[in-house]
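Overview (structure and organization)
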Amino acid sequence: MSCASYPVNDPLEKIDTDVGYRLNNRTLGPKNSDELFVIVGLSGGGTRAAALDYGVLEYLERVRFGDDNRSLLDEIDIISTSSAASIPAAYYGLFGKEVFLNDFVEDVLYRKTQSGLAKRMLNPVHWPRLMSGTFSRGDLAVEYFDREIFHGNTFADMHQERPLILLNATDMGIGSQFSFVQSNFDLLCSDLSSFLVARAVTASLSFTPAFTPITLKNYNDRSCGYSTPNWVRDALEAGLENDPSVYAAARDVVSYENLEKRPYIHLLDSGISDNIGIRSPALIFSIRDSPASQIDRIEDGTIKKLVVILVDAKPKTHFKGDLKPKPPSAITSVQTAASRPLANYSYETVNLLKRDIRETRNELERYHRQRKACDVHAKVVCTQIDLGGGCYERVRDNCFEKFKVSDSNRPLDLDIYIIHVSFELIEDKARRDRFQAIPTKLQLPEEDIDLLIDLAPELINEEPEFHHLVQDLDARIVN
């Protein structure tokens, strides 16, 4: 027992982008259409978040449209998670929609997870392993989640059909998000298919001091056929000023190429780097030749509607340390320093997304408005002045060129919907405070769980963007 060790991720013999857990290798389900691309981002927040997540996904199943009576749940392409939200997302990805909707509440939400983890940590049987130096509390948590919920399944067992489940963690070495997809394991010359889903889930929610980091081995000596992606070279050459987020992502990629300095990667709670699970999906719409890029599919008109649903169950309570003159403990200080600024940053992320959408819509409206003005101008000029054959086309095209509204300047003609589900949508303050005060533990009373599930439809229906989407899809809500 003294030589116990965590299970090491397997090396990859050869990179093959046609296989592995990647978005482009997930097939469309029979009721998942090309023209509607749906991303769901799930925030952290313990079982409180997991219950609200379930309620939202269950309600999306009731939003029906089309001749085939498909649901918004059927149309989800990506579910991206933060912290404990990885539990419902991984469960969905492994066992499918029907099992998730029918069994998740009893199987997981009502489970006494926190008690089960505590008993395992305090059991003297495991103490020799914990003293080995290569086996930790995080590894004990992996064993618990694997035995009780995920039953030995690896990423090879994830459903072939969409949605792709993005289980995210924070890479301690660079402070950035690390998603459990094969394209990221390619950076390590490692094989994700044999990696336990329970281990990825534990990495996603491993917040110190309750859990310890989950460790990955980096094999990237380029023997697996790895080479620096073109988009990384381009981003680094373009520099920080061109696109800071893409540049930062490129720097992160390059860090994994330094095997001498980074032979091991240590992963912690994803909430430290992104508490609403939206950073990784956002990159597929900003990097053209990244592994999961959707830019070409937007530009060629394949994707006509982009829907982003953010389920935000982050804590927003008063800091109890403000009630005492004594400085907070070291543990409290670390926890607060990691979580409070990230919660504020998450709100900024949502606001930036909404601002970008407004700007996109305004740009498209300006484009069509100016083209219409050029059309009227050309007709008036060519009616009043005889400029010979082809007058209308010449005047109109010159106007298009002058005001930069020619065909080559056309903005993306894409309908975008941001639906932000949060406790802030509850109008009654006392009731809002009641929900926000529910602790972010991995175990809650069944009464609280049921209240959170029942709250989800109410919160979604408070969002005007949701009603715009329902109207545009000509959808209906079924019981």
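For the structure itself, consult the block above.
Residues numbered from 1 in each chain as written. Predicted model: local features only at pLDDT ≥ 70, side-chain atom pairs only at ≥ 80, totals over all residues. Heavy atoms only, no water.

**Some thoughts on the state of the cysteines**
- Evaluated as defined, the whole model comprises 3 disulfides.
- One disulfide bridge connects Cys189 with Cys224, the sulfur atoms lying 2.0 Å from each other. Where Cys189 bonds to Cys224 through sulfur, the torsion about that S-S bond is close to -60°, and the disulfide is left-handed. Pair noted here: Cys189 is in the loop between helix H6 (182–186) and helix H7 (197–205) and Cys224 is in the loop between strand E8 (214–217) and helix H8 (230–238), with a separation of 35 residues, a long-range link. You'll find Cys189 and Cys224 in the same group, each marked buried. (Disulfide = S-S within 2.5 Å. Helix = DSSP H or I, 4+ residues; strand = E, 2+ residues; numbered from the N terminus. Buried < 20%, exposed > 50% of the residue type's maximum accessible area, 1.4 Å probe, protein only.)

**Side note on the sheet that holds strand E12 (residues 476–477)**
- Judged by pairing direction, the sheet is antiparallel, and its 3 strands sit side by side in the order E3-E2-E12 without closing on themselves. For this open sheet the edge positions go to strand E3 (70–71) and E12, each flanked by a neighbour on one side alone. (Pairing = 2+ DSSP bridges.)

**Thoughts on unusual backbone geometry**
- A cis geometry characterises the amide bond from Arg162 onward to Pro163, with omega recorded as 15°.
- Its identity as a non-glycine residue notwithstanding, Cys189 has a phi of 50°, on the positive side.
- A relative accessible area of 1% places Cys189 in the buried class.
- Phi is positive for Lys404, close to 55°, though the residue is something other than glycine.
- Among the structural elements, Lys404 can be located in the loop between helix H13 (391–402) and strand E11 (415–422).

**Some words on the packing of aromatic side chains**
- Scanning the entire structure with this criterion turns up 18 aromatic pairs.
- Look at Phe155 and Phe180: their rings are 6.3 Å apart centre to centre, the planes differ by 10°, and that puts the pair in the stacked class. Here Phe180 lies in the loop between strand E7 (176–179) and H6 and Phe155 lies in the loop between helix H5 (137–150) and strand E5 (164–166), a separation of 25 residues in the sequence.
- Residue classification places Phe180 among the buried positions, given a relative accessible area of 0%.
- Following the ring pairs from residue to residue traces out a cluster consisting of Tyr21, Phe155, Phe178, Phe180, Phe185, Phe195 and Tyr256.
- We note Arg371 situated over the ring of Phe400; from NZ or CZ to the ring centre the distance is 4.2 Å. (Phe/Tyr/Trp six-rings, centres within 6.5 Å; stacked < 30°, edge-to-face > 60°. Lys NZ or Arg CZ within 6 Å of the ring centre and 35° of its normal.)

Remember, this is a structural readout, not a statement about activity or role.
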